[in-house]
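Next come the chains, spelled out residue by residue.
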Amino acid sequence: MENPAYDIKNTDNIPDLIIHDAMILTMNPEFKVYVDGAIVIKNDRILAMGDTSDILEKYSAREIMDGSGKLVMPGLINTHTHVPMTIFRGYADDMPLHEWLYDYIFPVESEFVNSDNVTLGTKLAMAEMIRSGTTTFNDMYYHIEDIATVVDQVGMRAVLSEGLIDFPAPNSPTPADGLKTSEELIKKWGKHSRITISVSAHAPYSCSSELIQSAKALADKYQVPFNIHVAETRKEFDQTMKDFNLTPVGYLDQLGVLGPNVIAAHGVHITPDDIQILAQRGVSVAHNPECNMKLASGVAPIPELMKAGVKVGLGTDGVASNNDLDLFNEMNTAAILHKLNSLDPTVLDAQSVVEMATMGGARVLGMENEIGSLEPGKKADMILLDMMQPHAHPIYNIYSLLVYSMKAADVETVLVDGKFIMRDRKLLHLDEKSIYGKIEEVALRIREKNNLLSPSKPPKH
């Protein structure tokens, strides 16, 4: 008898895609792994999954994809980015955050952050994220309208917020302008299936108490996430203690802005009392280990936060301070960093780190019912990794393999909302060569403006 899965019928009810004979890492509550599994996709959601023999007996599809030698897993979720800053990758390295930010980044942003460069930097960032298995990201920057347009065209999923700050921003002369822009964008993009417009205030040291409270009130009004950098450096911690006799977390709590929709980026310099406040208020933390290491900001107490029940996701921060958007690197760094910092090899085990980059990120963004795991009814956001690699064998513990051995380059195929955005390592909606050439043109103008040495030999495209 012919297998019904290969009887392709042109009906409205037939699923769009079946991937079979693959290892499937579900990241569901039971952490189910199918060694020889199949997954059925219809429209933008997962219809069914199970052992290959069972799925192929029950289902047909418009396309049948052989997953032999592949690992299928949820797309990775980057909970803290500034994606257009790809145009500043390597511009100002090896210095403390305050000097890096105020003496280099803010000045260069004021001159070179515009609609065209934000669009270009976002395209470069998305190419990098898709190639490294990220399907969803949470961004705080400027010209969010342009970022949203690229997200819409490319097919990723994103939470986007206009960066509110006390001094004039590239597209907001005043904080009031920024708040107005944020509200207009929430209304415009509110019904988009892959884009959520949120609200952000840059940080307690760069925003007045009134701006922070106004931004949080706007986020609450529309029930969207609220992003803010919190306790990233010792300098910030000491200054807040000097000015208010409160920690950064305590200061924000006194302002009444902490709550379940708050995403606190970094959370490095926090006390045990701060941890309890974050847990009690339901605040989430976006952990950016590589950025914190590179800027010598410190090590966030992630094991303690997780033990207290605080929701934690992984982030890369912007590439001007990381310098990449690779969550595979970030998973590896997070696992190793906290073992070294605690002198305990059992801290933050591999499974916990993979969960942080998938379901953990989904919880941080308030999307745990839609993304973060592969389960029937959830969005079909997933990545396929090529396991036919020397460093992918042997397999004893798939989570350990992912965190300590696998690479971003192993990502072969990416789907968001059940649609391919990269297939067999080919990006479907981005012209990478064109992007590279235009990025180098922008970099040349930045170098000339700032009297920087030219690279020895720019790459040819």
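The text that follows walks through the structure, step by step, so that each part is easy to find. (Residues numbered from 1 in each chain as written. Predicted model: local features only at pLDDT ≥ 70, side-chain atom pairs only at ≥ 80, totals over all residues. Heavy atoms only, no water.)

What follows deals with the pattern of salt bridges. Opposite charge on two side chains permits them to pair, given that their charged atoms come into close proximity. Taken as a whole and assessed by the stated rule, the structure comprises 23 salt bridges. Arg-45 is paired through a salt bridge with Asp-44; the nearest N and O atoms lie 4.0 Å apart. Arg-131 is paired through a salt bridge with Glu-432; the nearest N and O atoms lie 2.8 Å apart. Residue Arg-131 is found in helix 3 (residues 115–131), and its partner Glu-432 is found in helix 15 (residues 432–449); the two are separated by 301 residues along the sequence. Among the ionic contacts, a cluster of salt bridges with common partners joins Asp-44, Arg-45, Arg-157, Glu-370, Lys-379, Asp-381 and Asp-417. (Salt bridge = Lys/Arg side-chain N within 4 Å of Asp/Glu carboxyl O. Helix = DSSP H or I, 4+ residues; strand = E, 2+ residues; numbered from the N terminus.)

Among the nonpolar cores identified, the biggest contains 123 residues, and Phe-88, Leu-160 and Ile-212 are the most heavily contacted of them. Ranked by residue count, the leading element in this core is helix 3, at eight residues. Once you skip the residues sitting within four places of it in the chain, Phe-88 turns out to touch Val-108, Glu-109, Phe-112, Val-113, Tyr-141, Ala-320 and Ile-446. Core analysis: the next-biggest nonpolar cluster, separate from the first, contains 17 residues, Ile-19, Ala-22, Ile-24 and Leu-384 among them. (Core = buried A, V, L, I, M, F, W, Y, C linked by side-chain atoms within 4.5 Å. Buried < 20%, exposed > 50% of the residue type's maximum accessible area, 1.4 Å probe, protein only. Contact = heavy atoms within 4.5 Å.)

Our next topic: the packing of helix 4 (residues 144–154) against helix 5 (residues 175–189). In contact at an axis separation of 11 Å, helix 4 and helix 5 are set at 20 degrees when each is read in the N-to-C sense. Between helix 4 and helix 5, the angle is such that the two are roughly parallel. With respect to the hand of their crossing, helix 4 and helix 5 are arranged in right-handed fashion. Contacts from Ile-144, Glu-145, Ala-148, Thr-149 and Asp-152 in helix 4 reach Leu-185, Lys-188 and Trp-189 in helix 5. Residue classes in the contact of helix 4 with helix 5 are distributed as four nonpolar, one polar and three charged. (Axes fitted to C-alpha atoms, helices over the stretch in contact; angles between N-to-C directions. Parallel < 35°, antiparallel > 145°, perpendicular 65-115°, else oblique. Left-handed = near helix turned anticlockwise from the far one by under 90°. Nonpolar A, V, L, I, M, F, W, Y, C, P; charged D, E, K, R; others polar.)

Along the polypeptide, Leu-71 turns up in strand 5 (residues 70–74). Residue classification places Leu-71 among the buried residues on the basis of a relative accessible area of 0%. For Leu-71 and Ala-357, which are 286 residues apart along the polypeptide, the C-alpha to C-alpha distance reads 16 Å. Setting aside chain neighbours within four positions, we find Leu-71 in contact with Met-23, Leu-25, Ile-383, Leu-384, Leu-385, Met-387, Ile-398 and Leu-402.

Taken as a whole, this structure holds two cavities of 30 Å³ or more when the rule is applied. Estimated volume of the largest cavity: approximately 250 Å³. Of all the secondary structure elements, the ones that give two or more residues to the lining of the largest cavity are helix 2 (97–112), strand 7 (134–141) and strand 8 (157–164). Sorting elements by how many residues they give to the lining of the largest cavity places helix 2 first, with six residues. A breakdown of the residues in the lining of the largest cavity according to their chemical character gives 12 nonpolar, seven polar and three charged. (1 Å grid on protein atoms, 1.4 Å probe; cavity = no way out; pocket = protein on both sides within 12 Å on 5 of 7 lines; lining within 4 Å. Points joined across faces, edges and corners; volume = space filled by probe spheres on them.)

When its volume is computed, the largest pocket comes out at roughly 390 Å³. Thr-196, Leu-365, Gly-366, Met-367 and Glu-370 are, among the 24 residues lining the largest pocket, the residues nearest its centre. Residue assignment for the lining of the largest pocket shows that the elements contributing at least two residues are strand 8, strand 9 (195–201) and helix 13 (350–364). When grouped by side-chain class, the residues that make up the lining of the largest pocket number 10 nonpolar, seven polar and seven charged.

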